[in-house]
Amino acid sequence: MALMRRRASRMAAVGGIGLMMAACNGGDTNFSQYPGFSDYFAANPPAATPAGAADRALLVRHRPRFYLPPGHAGLISFYDDYVAQGYLLDGDGARISGQVDRALLNRHKDDPRIVFVHEPGTRAARAVVFGRVDRVTAPFPAADGARSETLTFLTYHAVFRHSGLPAGVPGWQAAALELIADPDDWHQLDHYTAASLVLGADRGPLALMLQQHNYQRTYLFGAELAWPADGRVGIDIAIRSNELYPHDPERRRRPAVRFPEPDSLRYLMGFGAAPMDSADDITHGVVEAGYELAFLPPDDAFYTFKGFLGERRSLPGRDGPPGADYNTLPDLKPLARQLTVSYWRAGNTGDLRRFEAALAADDWYLAFARAQAAVFWRNWQCLRALTRGCRLD
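Residues numbered from 1 in each chain as written. Predicted model: local features only at pLDDT ≥ 70, side-chain atom pairs only at ≥ 80, totals over all residues. Heavy atoms only, no water.

## Describing helix α6 (residues 171–178)
All of the buried residues in α6 are Gln 173, Ala 174 and Leu 177. Burial along α6 is one-sided: seen end-on, the buried residues are contained in an arc of 100°. Facing away from the buried side of α6 by over 90 degrees, the exposed positions are Gly 171, Trp 172 and Glu 178. (Buried < 20%, exposed > 50% of the residue type's maximum accessible area, 1.4 Å probe, protein only. Helix = DSSP H or I, 4+ residues; strand = E, 2+ residues; numbered from the N terminus. Arc of directions from axis to C-beta.)

## Things to note about the sheet that holds strand β11 (residues 215–220)
The strand order across the open sheet built from six strands is β11-β10-β9-β6-β5-β17, with neighbouring strands paired in mixed fashion. What marks the edges here is a single partner per strand, and that holds for β11 and β17 (292–294). On average, each strand axis in the sheet is inclined to that of its neighbour by 30°, with strand direction left out of account. Both strand β9 (residues 194–199) and strand β10 (residues 205–212) contribute to a ladder of five bridges, which runs antiparallel. Bridging across to β10, Leu 199 finds its partner in Pro 205. Along the sheet, helix α11 (residues 364–385) makes contact with β5 (128–142), β6 (145–157), β10 and β11, crossing β5 at roughly 95°. (Pairing = 2+ DSSP bridges. Axes fitted to C-alpha atoms, helices over the stretch in contact; angles between N-to-C directions. Contact = heavy atoms within 4.5 Å.)

## Points about the confidence of the model for the protein chain
Taken over all residues, the pLDDT of the protein chain has a mean of 90, while the share at 70 or more is 92%. Across residues 1–25 the pLDDT falls below 50, and counting only partners more than four positions away or on other chains, this stretch makes 96 contacts in the model. (pLDDT = per-residue confidence, 0-100.)

## Some details on the pattern of salt bridges
The final tally for this structure, using the stated rule, is 23 salt bridges. When the shortest N-O distance is used, the salt bridge between Arg 126 and Glu 292 registers 2.5 Å. In this pair, Arg 126 sits in the loop between β4 (115–118) and β5 while Glu 292 sits in strand β17, placing the two residues 166 residues apart along the sequence. Judged by relative accessible area, Glu 292 falls into the partly exposed class, the value being 33%. Through salt bridges that share partners, Arg 65, Asp 230 and Glu 288 make up one connected network. (Salt bridge = Lys/Arg side-chain N within 4 Å of Asp/Glu carboxyl O.)

Written as structure tokens, this is what we have:
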């Protein structure tokens, strides 16, 4: 099965321009209505209060440094800029209001047919990144039996007015796409651009998890990433697509795919040919973005809106997205699963071997998450203990 349908990917167009021209989105609802979400959120209701004083201080202390490529339009404020400039439609297309604010959006957050349409104007607003704290008890299989650890996820959502196709789309495809749509404004609103700093029970830095298209990547501090002296990790915003990658001041091509399906993941791991619908992201993080850190309750419409937070467009993948919590399959919503299913290293033959073995299961992504949890635990313990002769798997 395809892993993620929360938003038809920006790269839906890369591999099939003819299909894209002929197709339409169809349907009155989006990924928020995927089976399993209602059960998950009923069992795990989002909190109605934002982070408290101690957690806010923790979020401020570790707020990331976001780096933009030259000429990027930059981050925006979701409520003061994006929502303040637009109108709300009901499921029949009738206008509810042309004066939209947080209160109104939240009153309609549970209706999957509601559509917010952004109308960019001249309003100037400060850039705002939303921070939240989640604590989970994460199970890890270990050689001497199952272990559990309390992990703290500090998650930061950067917000962009629109999202475009990856900048590495091959030239002939880019030229064809420009004839039918704006590759810089593929869909309104990009707010799935989330970075989660993961801390251990002792609040020591453990890992960085970044959203990239319809999947995530986990980087272990001390192995794939160095922990910065000031406790603020550097993150690059990709040209046009806004996807997040570890900071590198040089211009870099980053392999990217539409969905984390078997052939796609083999390619990302460095062991397979590029799928037809792949296209490189390009980063060149040279301008540090200024922003204000703000805090919303996790049940706010920013996270939980079931309708469309951007206008509906006729081509696949161009509808506005639902709330930011619809970022993965319901089975993968537990943060510990997201952490480990996205923990793999390019060129690592052990990761590939475990991945191939997991494909024998119907729920292969869950099987892979379980297998990688054991590896993640061993590598974490190795790095934490600094044991002489300890080798990372």
